[in-house]
Amino acid sequence: AVTVVIVLATPAAADPRDTHRQILAKGLQRLLGCLLGGVFGLALLAVGVDSLLPFLLMLALPVWFCSFVQNGTHTATYVGTQAGFVVIVTLVQGAGPPLSLVPGIQRLAGIFFGLLIVMLVVLLTHPPASARPAASA
């Protein structure tokens, strides 16, 4: 539900087709950020850190970098937002360092396929009929 609201929370443009393009661009940035954050998070999980201080450092650095990307001046800032979210969700599995890759993989798969389903629904729906050019008679 959160994914649907965030992907679709795009300001309405004067042209509904432009709004549709903005929603698709934001959704693609979410998918890319999810993949980047998830792959990086799983790679960090594979390191197998079992001490709290190195784990916190391992968590803080990618979150800082994702925040840096999110606050950049480019047009793909949402990639940083989504990547940071997925890094946190993948790495933080309890009160201490994670013990297994499996919860991280399950969480990444859930987020990614949830985003993918939302994007497919958006792609399969068209801008409202009022945005389409009128047919000549």
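These figures come from a predicted structure and were not determined experimentally.

Engineer: Looking at this structure, I do not really get the nonpolar core. What am I missing?
Structural biologist: Across soluble globular proteins, nonpolar side chains have a tendency to be buried as a group. Residues C34, M58 and L91 are the most contacted members of the largest nonpolar core, which totals 21 residues. Only α2 (16-47), α3 (52-70), α4 (77-91) and α5 (102-124) provide two or more residues apiece to this core.

Engineer: Would you mind going over the packing of aromatic side chains with me for this structure?
Structural biologist: In this description, an aromatic ring pair is defined by two values, namely the gap between the centres and the angle between the planes. Inspection of the entire model under this criterion finds two aromatic pairs. Look at W64 and F68: their rings are 5.7 Å apart centre to centre, the planes differ by 20°, and that puts the pair in the stacked class. Of this pair, W64 and F68 both sit in helix α3, four residues apart, which is roughly one turn of the helix. Owing to a relative accessible area of 53%, F68 belongs among the exposed residues under this scheme. Centre to centre, the rings of F112 and F113 are 5.5 Å apart; their planes meet at 75°, and the pair counts as edge-to-face. Taking relative accessible area as the criterion, F112 reaches 18% and is therefore assigned buried. When its relative accessible area of 48% is taken as the criterion, F113 is described as partly exposed. Here the basic side chain of K26 rests over the ring of Y78, its NZ or CZ set 5.0 Å away from the ring centre.

Rules of the game
Per chain, residue numbering runs from 1 following the sequence as it is written. The predicted origin of the model limits local features to residues at a pLDDT of at least 70 and limits the giving and counting of side-chain atom pairs to 80 or more, whereas totals for whole chains, interfaces and linings rest on all residues. Hydrogens and water are ignored here; the side-chain numbers use all heavy atoms of the structure. Definition used in this section: a nonpolar core is a set of buried Ala, Val, Leu, Ile, Met, Phe, Trp, Tyr and Cys residues joined via side-chain atoms within 4.5 Å. For every residue, the accessible area obtained with a 1.4 Å probe (protein chains only) is divided by the maximum for its type, and the residue is called buried under 20%, exposed over 50%, and partly exposed between those limits. Each helix is a run of DSSP H or I of at least 4 residues and each strand a run of E of at least 2, with the numbering of both proceeding from the N terminus. For Phe, Tyr and Trp, rings pair up if their centres lie within 6.5 Å, where Trp contributes its six-membered ring, and each pair is then called stacked (planes under 30 degrees apart), edge-to-face (over 60) or tilted (otherwise). Note on geometry: a ring has a charge over it if NZ (lysine) or CZ (arginine) is within 6 Å of the ring centre and within 35 degrees of the ring normal.

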